Every structure is written in C-alpha cells, then in structure tokens.
Amino acid sequence: MISSPISGPISDPISDPAEALRVLLEGNARFVGGSPEHPNQDAGRRAALAPAQKPFAVLFGCSDSRLAAEIIFDRGLGDLFVVRTAGHVTGAEALGSIEYGVAVLECPLVVVLGHDSCGAVAAALDSLEQGRLPGGFVRDVVERVTPSVLSARAAGIEDPDAIVDEHIRQTVDLLLERSQLLAAKVAEGRAAVVGLSYRLTDGQARTVAVRGLG
C-alpha cells in the first residue's frame, strides 16, 4: 500500500520529481488493476487544505471527459494542480497556469497528458487531408495541433495514435521552449516535465517523453 504524499496537514509535500512521477504511475496502476485507494478524499483532508494548497504535480492534459486526472491516477484533494485544454494546446493562459503551479506552488513535476483517439489530432489530420477547417475558436485549437501532425508525417509516422504520441512530445518541448521559468527549474534539477499517453480502453498511462529526470 502506498502512503499519501501529503497526509493531513500539508507541511511535508513531495519535492523530488522522480518520486512525484512514481506516485502518479503507481496510482494509475491501482486504477488499471481495479484496486484504487481513493486517498485524500475525506473531510479531514478537505479541512487541512482550506488554508493553503501544496500539490506535488501540475497535470496539463486534454480536456476530454474521459481523462479525469484524480481518478485515473488515484489521487485526491490537493494532490494535483490540473490545467486542461482541448488537445492540450498551449496558450498564454495555460502557460501562466503551469508556471504558477511550478513557481508559486512549487510543484516538482509537470505532466503533459494526451490520449489515443484524440479528437483534436483527428481534426488536424482531417484539415490537412481534406483542406477544411472548423469555424470559431475550434479552428485555433486545430491550427495549434497541426505542427505536431506535420512533424509526425515528416518523420514517416502515419498511425493516428502514434501521431498523438508525437503531439505529446512536441507539447513537452514547447513548454520548455516557451517558458523560461520552467526551463530554468528543469536545468537546476528542481523540476521535470514528462509526457504520458493514456489508453482509453484499459486506462493505462505510459511514458512517451521525459525531460529533467536524467
């Protein structure tokens, strides 16, 4: 049994990126195996968190309703600082939220969470193949995913789910390119950025990119 990284008062959170990743992946293993512990979800935890939060990871994921972070990683209140956009596309608001989690809340780990059968990736593929783009601000989402699709195709990647993995890797690198704050934390060994790909059928999250864990 894995103990909660923050038990009761939030005075001793996880500060090591590798340990934070281990806790997440072990929680996901419990979820996949059908034996979740549902830590940090009771009234005592709620009361302990009221004065302040101290999550151990920033979770930057796709907005897909099937990717509820605290469920698939078997965590609870105050464990994860969650930022979600369709296709985990980055903009000023997402980057600012991630930087807040790292700089202000001192999260040692940033996770980019994508998944198979991603609608944003499928729409980007369709726009390239059929020459049509959706309207409204959905168009902006598709345009931000398109560079990852083009990168995948340049590398000879055709399988849609493998393209998703490439989009996750591209997002990991984009975060480090655009956020000097995050890049500095990683260079100092105080943070890491990891890309995970979630499989909808069995619930497993597998690692596709690692930056900052040696």
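Attention here is on the structure that accompanies the text. (Residues numbered from 1 in each chain as written. Predicted model: local features only at pLDDT ≥ 70, side-chain atom pairs only at ≥ 80, totals over all residues. Heavy atoms only, no water.)

A word on the overall build of the chain
Next, step 1: Secondary structure summary: the chain contains eight helices and five strands in total.
Next, step 2: Walking the chain from its N terminus toward its C terminus, one meets helices and strands in the order α-α-β-α-β-α-β-α-α-α-α-β-β.
Next, step 3: Compactness check: the chain gives a C-alpha radius of gyration of 17 Å against a globular reference of 17 Å for 214 residues, within 12% of the reference.
Next, step 4: When its C-alpha atoms are laid out on the principal axes, the chain stretches across 55 × 40 × 35 Å.
Next, step 5: Buried residues in the chain amount to 45% of all 214 residues.
Next, step 6: On the chain, the mean spot of the 19 positive side-chain charges and the mean spot of the 27 negative ones are 2 Å from each other. (Helix = DSSP H or I, 4+ residues; strand = E, 2+ residues; numbered from the N terminus. Rg over C-alpha atoms; globule rule 2.2 N^0.38 Å. Buried < 20%, exposed > 50% of the residue type's maximum accessible area, 1.4 Å probe, protein only. Lys, Arg positive; Asp, Glu negative; His and termini not counted. Charge placed at Lys NZ, Arg CZ, Asp CG, Glu CD.)

Comments concerning the sheet that holds strand S1 (residues 57-62)
Next, step 1: Taken together, five strands build an open sheet; the order of strands is S2-S1-S3-S4-S5 and the sheet is mixed. Two strands close off the open sheet at either side, each with one partner strand: strand S2 (80-85) and strand S5 (205-211). The average angle at which neighbouring strand axes cross in this sheet is 20°, direction not considered.
Next, step 2: Two elements, strand S4 (residues 192-198) and S5, share six bridges in a ladder whose sense is antiparallel. Each bridged residue has a counterpart across the sheet, and for Ser-197 the counterpart in S5 is Arg-206.
Next, step 3: Of the strands in this sheet, S1, S2, strand S3 (109-115), S4 and S5 touch helix H1 (residues 17-33), which is tilted by about 35° from S3. (Pairing = 2+ DSSP bridges. Axes fitted to C-alpha atoms, helices over the stretch in contact; angles between N-to-C directions. Contact = heavy atoms within 4.5 Å.)

A word on the side chain of His-167
Next, step 1: Along the chain, His-167 falls in helix H7 (residues 160-178).
Next, step 2: Note on His-167: relative accessible area 3%, which makes it buried.
Next, step 3: Within the structure, His-167 has its side chain in polar contact with the side chain of Ser-148 (distance 2.8 Å).
Next, step 4: Not counting chain neighbours up to four residues away, the residues in contact with His-167 comprise Gly-87, His-88, Val-121, Val-145 and Ser-148. (Polar contact = N/O pair within 3.5 Å; in protein donor to acceptor, adjacent residues only side chain to side chain.)

Here we look at the nonpolar core
Next, step 1: Of all hydrophobic cores here, the largest spans 36 residues; its most connected members are Val-110, Val-121, Leu-175, Leu-182 and Val-193.
Next, step 2: When residues of this core are assigned to their parent elements, the largest contribution, six residues, is made by H7.
Next, step 3: In terms of nonpolar packing, the next biggest core, distinct from the first, is built from 22 residues, Leu-21, Ala-57, Ile-72 and Phe-73 among them. (Core = buried A, V, L, I, M, F, W, Y, C linked by side-chain atoms within 4.5 Å.)

Things to note about the pairing of S1
Next, step 1: Burial of S1 is extensive: six of the six residues sit out of reach of the surface.
Next, step 2: Of the pairings in the sheet, the one linking S1 to S2 comprises six bridges and is parallel in character. Counted as the bridge partner of Gly-61 is Arg-84 from S2.

Notes on the pattern of salt bridges
Next, step 1: Applying the stated rule across the entire model yields 17 salt bridges.
Next, step 2: Residue Glu-106 pairs with Lys-54 through a salt bridge whose shortest N-O separation is 2.8 Å. Taken together, the residues span a long stretch of sequence, with Glu-106 in the loop between helix H4 (92-104) and S3 and Lys-54 in the loop between helix H2 (43-49) and S1 at a distance of 52 residues.
Next, step 3: Linking Asp-79 and Arg-75 is a salt bridge whose minimum nitrogen-to-oxygen distance equals 3.1 Å. When sorted by exposure, Asp-79 lands in the same class as Arg-75, which is buried. (Salt bridge = Lys/Arg side-chain N within 4 Å of Asp/Glu carboxyl O.)

Focus on the packing of H4 against helix H8 (residues 180-187)
Between two packed helices, what matters for the description is the angle formed by their axes and the separation of those axes.
Next, step 1: Put simply, H4 and H8 touch, their axes get as near as 9 Å, and they point 40° apart. Classified by the angle their axes make, H4 and H8 are oblique. Pair H4 / H8 crosses with left-handed handedness. Mapping the contact onto sequence places Glu-99, Val-102 and Ala-103 in H4 and Gln-180, Leu-181, Leu-182 and Lys-185 in H8.
Next, step 2: Residue composition of the contact of H4 with H8, grouped by class: four nonpolar, one polar and two charged. (Parallel < 35°, antiparallel > 145°, perpendicular 65-115°, else oblique. Left-handed = near helix turned anticlockwise from the far one by under 90°. Nonpolar A, V, L, I, M, F, W, Y, C, P; charged D, E, K, R; others polar.)

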